[in-house]
Amino acid sequence: MYFPRPYPDELLYSLIARCRVHLGLDSHKGLLRLLFDDTRVAAITDLPTHLELLAGNIGWKAEELLQQHTLFPLYAPFIPEARRRRLRQAMLAADIPGAIGLAGSSTSRVKWPGWLRYCPLCFEDMQGRYGEVYWRRCWQAMGADACPVHGCMLLDSPVPYRRQERHEFISASPVFDRRGGALGVAGSGAMAVSGLVVQLLSLGACPTPGYRGWTRFYQVLAADHGASRGRQVKAGILWERVRSCHTSGWLACNGLLGDEPPSWFVALFRKHRNSFSFLQHITLWSVFRPGQAVGEIIREAHDMAHYPVPKPYAQLPAAPGQLQQRREHWLAALSRNGGAKQARINGGGALYAWLYRHDREWLMQTNGTRHTKSGNNSQVDWSKRDRYLVRLLIRIGEYAAEDLALPRKSRNWFLGQLPHRASVAHHLGQMPLCRAFLERYSESVGEFQIRRLTRAILEDTRQGNHSNLWELERRCGLQKGRVAPLTVGFINYMGGLD
Ligand SMILES: [Zn+2]
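Residues numbered from 1 in each chain as written. Predicted model: local features only at pLDDT ≥ 70, side-chain atom pairs only at ≥ 80, totals over all residues.

(A) The arrangement of the environment of valine 197 in detail. By secondary structure assignment, the location of valine 197 is in helix H9 (residues 188-201). Between the C-alpha atoms of valine 197 and alanine 144, which are 53 residues apart in sequence, the distance is 7.0 Å. Beyond its immediate sequence surroundings of up to four residues, valine 197 is in contact with Cys138, Ala141, Ala144 and Ile282. (Helix = DSSP H or I, 4+ residues; strand = E, 2+ residues; numbered from the N terminus. Contact = placed C-beta atoms within 7 Å.)

(B) Looking closely at helix H16 (residues 320-337). With 18 residues, H16 extends 26 Å between its outermost C-alpha atoms, agreeing within 8% with the 26 Å of an ideal straight helix rising 1.5 Å per residue. One or two positions beyond H16, positive phi appears at glycine 338, with a value near 80°. (Expected span 1.5 Å × (residues − 1).)

(C) Region of the structure containing the domain arrangement of the chain. According to the domain assignment, the chain contains domain 1 (12-176), domain 2 (207-304), domain 3 (320-373), domain 4 (382-443) and domain 5 (446-497). Between domain 4 and domain 5, the C-alpha centre-to-centre distance is 27 Å. Counting residues at the interface gives four residues for domain 4 and five residues for domain 5. Of the residues belonging to the side of domain 4 that touches domain 5, the class tally is two nonpolar, no polar and two charged. (Domains from an automatic or database assignment. Nonpolar A, V, L, I, M, F, W, Y, C, P; charged D, E, K, R; others polar.)

(D) Region of the structure containing the environment of arginine 482. In this fold, arginine 482 is placed in the loop between helix H24 (469-475) and helix H25 (485-493). Note on arginine 482: 11 C-beta atoms within 10 Å, which makes it exposed. Along the primary structure arginine 482 and valine 445 are separated by 37 residues, whereas in three dimensions their C-alpha atoms are 9.6 Å apart. (Buried ≥ 20, exposed ≤ 12 C-beta atoms within 10 Å, placed from the backbone.)

(E) Here's a closer look at the environment of serine 194. Its location among the elements puts serine 194 in helix H9. Since 25 C-beta atoms lie within 10 Å of it, serine 194 is described here as buried. Placed 234 residues apart in sequence, serine 194 and leucine 428 show a C-alpha to C-alpha distance of 36 Å. Not counting chain neighbours up to four residues away, the residues in contact with serine 194 comprise Cys138, Ala144, Ala146 and Pro148.

(F) View of unusual backbone geometry. Across the junction of glutamate 260 and proline 261, the peptide omega takes the value -5°, indicating a cis bond. Note that proline 261 resides in the loop between helix H12 (248-253) and helix H13 (263-268). Unusually for a residue other than glycine, aspartate 37 sits at a positive phi of about 55°. Take aspartate 37: there are 14 C-beta atoms within 10 Å of it, and that puts it in the partly exposed class. Not every positive phi belongs to a glycine, and histidine 50 is a case in point at roughly 65°. Along the chain, histidine 50 turns up in the loop between helix H2 (28-36) and helix H3 (51-58).

Given below as structure tokens:
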């Protein structure tokens, strides 16, 4: 049976649509009869069924169809193993309904796009290279709004994502492209999300971390970013970081906005009882794990499933007098020993355990402040931390390089992106690699002024405007007498900018 050769990242839906065009068939039902021996097969964009039947008829492997030509890989790592198996079965088989429900996408806050989407520049490339165009998978993932190849925003086609006419496979076509104006340029947040979606789609079979693995992963992530105190996670601090990387418009469009912080975001740092969508996971990775490969993140979470999860102890009641007395004893032990760890070793173990059971919040707070006050950093391996942090700085630098809209990437800005910034700033003397990075890559006032000018000039070029030097200076907030010598050099180099 004839079936087209697949193009890179092509949707199965697209392959079937091209098949009808290549065979010159008018009737959609005729095509279904040929491919599936059944005219009632629904044309599903993301999670199609009947894969085994089709694979048998066209001489392919069903697993290959599933992994390389459907959106199954967007769901598989985020649902428990048993549900992943059932979803896979439902897609392979012809008679198990409810694939979409198993993926968790019907109940999730994340909705589907309204239309199949495309990149007009990719269409041009495809037309040139293959003589026809096709639907790519990564364009159809909700929330991934940028073309990962061209860095422009995707456009809606007139083909609905979920159709009334359930048996029609409609092929992509260059005539969709009726752009009036210029294409939107994707910001760094949008590009990061699309890049992560592409990685997820091309991952192939991977382990499923399950609720336990993801729970632990996000607890550790919070701790890495200095946002956990005991078992409490300060989700508000982390949410601010998300807000600074992604626009409100994007968050709202994808159902990710709510209270500050939204309840889904808070729930992510608690014990998982339901699965979260790929977009919710990716939103966090794009902010807190920039540059880390998706496969590595999933493996990390999978391995964490085997760490023991500490059970929260219920707090026991205590008489007020008793509480006060033990607090005083513990404070005395802390000042005698210089820190909680020493105090526990030197006979304070039972007292610690009692307070942990009866007065945990106070205990954690007291130990936390005591820790920083007494500067108990003698145990820290600074050269190891130096290597870890400089790697983080390099990743942050790479991630921030493309974004012309960022505030000045000063020494303090870089430090502010790191966990425990105050402690890092205080101990730079012991961290030569980080110091060298900051000296080399912190942005000077002049460099920052040039970046602002560059951004304004690019904006003008895109909109076909022309601004005089004084207009540019005013837009970029360059006050008379405050223009750095480097910036003056740049302006002269650009021919005075008139
Ligand atoms: Zn493109």
